[in-house]
Amino acid sequence: MTGSAEREGQAPYSLAPLLSDAVTDAIRAARGFAGGVYLRSRTPGLLRLAVLAGLPGPLFRPWSRMHVDRPFPVADAHRLGVEVLLADPTETMRRYPQLAAGLPFQFGSLYVPVVGDSNPYGVLTVLRPPASDATEVLPDRDRMTAVAAELGAALARLDKAGSSVLWDSDPLGTRPPVDGPSTRCVGGFTWDPADGGLIADDSLWALLGIPQEDFAGTPEAFADALAHDEPRLLLAALRETAAGRPPPHPLPVRTGGGGLRLLELWTAGGGDTPPFRVSGALVDPGPGPAADGAADQLPEGVFAIDRIGLITYANPRAAALLGRPRAELLGRLLWDVVPWMDQPAYEDHLRSALLSPDPVHFRARSPLGSGTETTPGHLTGTWLSFSVYPGPRGVTCKITPLGRVSEASGSTPFDVEAAQAVGTDTEEPDSGVPGTAPQYRPIVLAIALTEAVTARQVSEVVMRELLPAFGSRRLAIYLLQDRRLYLAWETGFPQGFLAPFDGVGLDAKLPGVETLTSGRALFFESMQQLAAAYPGVALDATVGARAFLPLIASGRPVGSCILGFDRPRGFSTEERTVLTALAGLIAQSLERARRYDNEAALARGLQEALLPHRLSAHPLVQTAGRYLPGTVGMDVGGDWYDVVEAGDGLALVIGDVQGHGVQAAATMGQLRSAVRAFALGDHSPDEVMSGTNRLLIDLDPGQFASCCYVRVDPLTGEAQAARAGHPQPLLRHPDGRTEVLDLPGGVVLGVDPHAEYPVTDLTLEPEAVLALYTDGLVERPGTDIDEGVEVLRSTLAAAGPPLHRAAGGPSLSRAADLLTAEARQAGERPDDIALLLTTRRPPRGGEDTLRTRSGPRSAPGFGGAEVSGPRPGGTAGPG
């Protein structure tokens with residue numbers, strides 16, 4: 001049965017098999033070598049990797065959690081609902097430099113959102129060989145999109161059935177699909193918990209080495225034959241799989257004959273609810289007796305791992321160099337049995353071998369060496385040269401020793417076992433093999449810091465990028481102000497522990513102070529070292545390590561940074577150099593953020609002073625205005641609105657100055673003053689627009705602006721409107737019909753000194769609502785602006801008539817809140833927003849109508865049809 005067919009009838013409680021099947025189908029569809037699926041989690045805005053096929057989970061931990069606002073293709077695909085195709089590393093670097101810096105290898109990738117019943121559930125992703133032309137990948141993308149659509153429909157069915165489609169666990173690891181027959185011996189079986197029947201094929205009995213007629217036919221007998229040493233563990237795995245929770249990795253089992261086998265388990269349907277039927281495959285991981293015997297004779301160490309990190313072969317020399325018996329290596333994850341390989345530098349090389357077709361060469365120090373100690377607490381070790389050769393089903397590694405070295409004498413004998421696990425500060429021998437992996441994370445951090453503009457954003461980037469790279473769990477950032485250090489950010493420390501250190505002076509004898517005053521980074525490989533250097537200082541833990549980094553930008557002290565580690569650890573020369581350099585990057589970013597905060601405060605004060613604190617009023621006219629600043633980058637923009645007395649009428653004004661910051665706010669103030677001056681002189685709308693346009697060109701601020709100006713006679717409702725590159729106004733009629741007006745207009749202000757701005761004559765009837773707004777209210781990333789305008793039109797139509805507040809019905813103010821509700825609640829607003837609503841109260845003695853009474857001035861080609869129906873530039877709908 002194919003994965004697609006299974007998804008059509010997928011029952012509740014089978015989320016993991018459903019996802020695994022979809023990832024397998026996606027890898028086949030996109031001709032990839034690895035893939036995965038991200039799902040939403042219970043944490044708002046966080047996606048988690050649910051299934052990873054074809055790559056070891058431990059190597060890809062940094063990418064197992066993805067916030068939807070991060071500049072990564074998975075986040076964009078989910079947030080924007082678009083497919084992302086990265087054909088090769090060049091395209092990846094151009095569009096997503098942080099991803100390329102973290103995975104600088106030769107591969108392409110595809111990302112497709114998983115949507116069901118209009119609900120975004122996650123993202124399906126596939127890694128594939130690079131393509132020279134993106135058009136080569138388009139058919140693969142289309143096939144993968146079909147798989148994502150099927151998965152979205154299946155998740156929607158699970159969701160409706162009441163099953164959770166959120167993911168809050170670690171990713172499940174599965175093997176990728178392999179084309180062609182396996183070179184290893186495979187036997188299969190099926191167990192139906194409903195009747196207890198267990199059926200196996202002839203290959204399985206051959207692998208077990210027992211006659212079929214001697215088999216009792218029960219799961220207990222099967223477990224005893226298959227896992228002679230631990231049958232209870234296998235029985236538990238069978239029951240968990242029947243409940244819809246198959247093991248994430250193949251299980252290593254030893255048969256009665258002592259041979260190692262790998263057991264893969266999965267569900268195979270059998271009903272709408274558990275227990276499901278269980279199918280399995282027993283695999284002989286060995287390469288065959290002839291190859292095994294030949295490789296065993298090699299003087300170099302040779303071992304192989306499959307695409308999910310399980311060791312499938314190791315010759316005796318490899319077992320000796322890795323420091324574990326051969327029997328303990330086979331069928332186990334590399335990082336479980338060789339923990340000293342679980343370090344960022346080595347992981348980068350193995351990632352390269354799994355993602356790229358080229359061999360990889362690197363050096364690693366085994367802290368075990370001969371297993372002896374030269375002095376108490378000081379281990380001997382051996383430098384090993386690794387050559388890793390990629391293949392379609394995994395990688396083959398060759399190991400040769402470079403020579404035994406002793407640990408650096410400067411290390412403290414705090415914990416021999418911990419030193420074995422993490423390594424220590426030792427100079428590497430020169431083997432002529434370049435090592436560039438440790439440079440990747442500084443690049444990632446540097447790129448991420450360029451996008452952080454506030455001190456909080458800088459701290460978040462450090463927490464997100466720096467801590468996982470070095471295995472740190474605690475972070476504190478102090479900023480210098482008036483010769484005192486104030487806590488700006490903390491995470492991981494016990495609650496309240498850092499409070500006594502907030503505001504300490506530069507004369508305090510504390511490591512966080514002295515690292516700044518001396519300009520030297522301080523490293524303590526254990527808490528005992530820290531206590532010895534600073535007697536009496538309060539410690540937040542008894543076990544761990546600490547790094548205190550000075551934050552200095554261009555010679556100016558900015559603050560200090562504290563990194564905390566849960567275990568004692570050494571700091572190599574390279575790590576100390578990298579951390580010190582990164583501290584400089586952090587300091588420069590914080591200094592830039594401080595200047596940004598000062599400029600933002602100035603701009604906000606300027607904008608608040610320039611925006612109207614009250615609007616001109618008239619007994620027959622009611623207005624309501626709203627302004628929302630942006631939340632991305634500089635949150636102060638140039639949007640404004642105003643209501644000005646214009647002779648015996650009222651001028652309704654809304655505008656948007658290009659850009660953000662102090663310059664935009666200052667230009668907005670100048671334009672608002674100019675428009676008010678022209679309006680108070682009771683100039684016609686085209687004269688107001690033309691005069692303001694020439695003024696902006698004369699001021700030459702290097703910016704342009706859009707504007708919409710409407711003059712209304714409160715008594716008759718007669719109105720004249722002019723528009724300069726601004727979004728079309730909306731009109732809600734008293735009967736609920738709401739439309740987008742089609743007012744002709746001129747170019748934006750500040751571009752053409754001879755621009756003309758045609759005027760349209762209108763009549764505003766009582767209880768109608770005229771909505772003027774800026775583009776920030778209707779623009780959404782990844783969607784057309786017309787879609788946002790349509791959403792705004794529908795919302796205004798549903799707002800109801802603007803009854804007087806005393807009548808107890810909906811008011812104009814409530815309508816303004818309703819139109820801006822989504823923007824207020826959004827976690828991210830790329831642009832600021834201005835909104836101005838206007839309505840007329842019914843005059844005594846009759847009602848007026850809103851019509852286009854004549855063609856617009858200076859626009860002979862514009863017709864004089866009523867605006868109350870649909871127009872070419874907008875739509876109408878029932879209220």
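Our structure's up above, just so we're on the same page.
Described below are features of the structure shown in this document. Keep in mind the model is a prediction, meaning the values are calculated, not measured.

Within the protein one finds 24 helices and 35 strands. Here the protein holds 879 residues, and the buried ones make up 53% of them. Here the contacts in the protein between residues at least 6 apart in sequence split such that 63% fall between residues at least 24 apart. Summing over all exposed atoms, the protein offers an accessible surface of approximately 37,100 Å²; the carbon and sulfur share of this is 53%.

Before going further, it helps to examine helix 18 (residues 511-518). Buried within helix 18 we find Pro511, Gly512, Val513, Thr515 and Leu516. Where helix 18 ends, the next residue or the one after it, Gly519, has phi of about 75 degrees, a positive value.

This part is about the environment of Arg723. Relative to the helices and strands, Arg723 is located in strand 29 (residues 718-724). The spacing of Arg723 and Thr760 is 37 residues in sequence and 9.4 Å in space, taken between C-alpha atoms. Those residues within four positions of Arg723 in sequence are excluded, and the remaining contacts are Cys707, Cys708, Gln728, Leu743, Pro744, Gly745, Gly746 and Tyr757.

This paragraph deals with the pairing of strand 24 (residues 556-565). In regular strands, side chains alternate between the two faces of the sheet. Most of strand 24 is tucked away, with eight of its 10 residues classed as buried. The pairing of strand 19 (residues 474-481) with strand 24 spans six bridges and is classified as antiparallel. The residue bridging Ile477 from the neighbouring strand is Cys561, located in strand 24. Here strand 23 (residues 545-553) pairs with strand 24 via nine bridges, running antiparallel.

Contact geometry of helix 2 (residues 15-29) with helix 6 (residues 138-160) gives a least axis separation of 8 Å together with a crossing angle of 170 degrees. By the angle between their directions, the pair helix 2 and helix 6 is classed as roughly antiparallel. Within the contact between the two elements, helix 2 uses Leu15, Leu18, Leu19, Ala22, Asp25, Ala26 and Ala29 and helix 6 uses Asp140, Arg143, Met144, Val147, Leu151, Ala154, Leu155 and Leu158. Here the contact of helix 2 with helix 6 is composed, by residue class, of 12 nonpolar, no polar and three charged.

What follows covers the nonpolar core. Tyr111, Phe303, Leu355 and Phe386 are the most contacted members of the largest nonpolar core, which has 56 residues in total. Here the element with the most residues in this core is helix 14 (residues 344-355); it accounts for five residues. Apart from the residues within four sequence positions on either side, Leu355 is in contact with Phe33, Leu55, Phe60, Leu103, Phe105, Gln106, Phe107 and Leu127. In terms of nonpolar packing, the next biggest core, distinct from the first, is built from 36 residues, Leu15, Ala26, Val37 and Ala87 among them.

Conventions and cut-offs
Residues numbered from 1 in each chain as written. Predicted model: local features only at pLDDT ≥ 70, side-chain atom pairs only at ≥ 80, totals over all residues. Heavy atoms only, no water. Helix = DSSP H or I, 4+ residues; strand = E, 2+ residues; numbered from the N terminus. Buried < 20%, exposed > 50% of the residue type's maximum accessible area, 1.4 Å probe, protein only. Contact = heavy atoms within 4.5 Å. Areas by Shrake-Rupley, 256 points an atom, 1.4 Å probe, with all protein chains shown as cover. Pairing = 2+ DSSP bridges. Axes fitted to C-alpha atoms, helices over the stretch in contact; angles between N-to-C directions. Parallel < 35°, antiparallel > 145°, perpendicular 65-115°, else oblique. Nonpolar A, V, L, I, M, F, W, Y, C, P; charged D, E, K, R; others polar. Core = buried A, V, L, I, M, F, W, Y, C linked by side-chain atoms within 4.5 Å.

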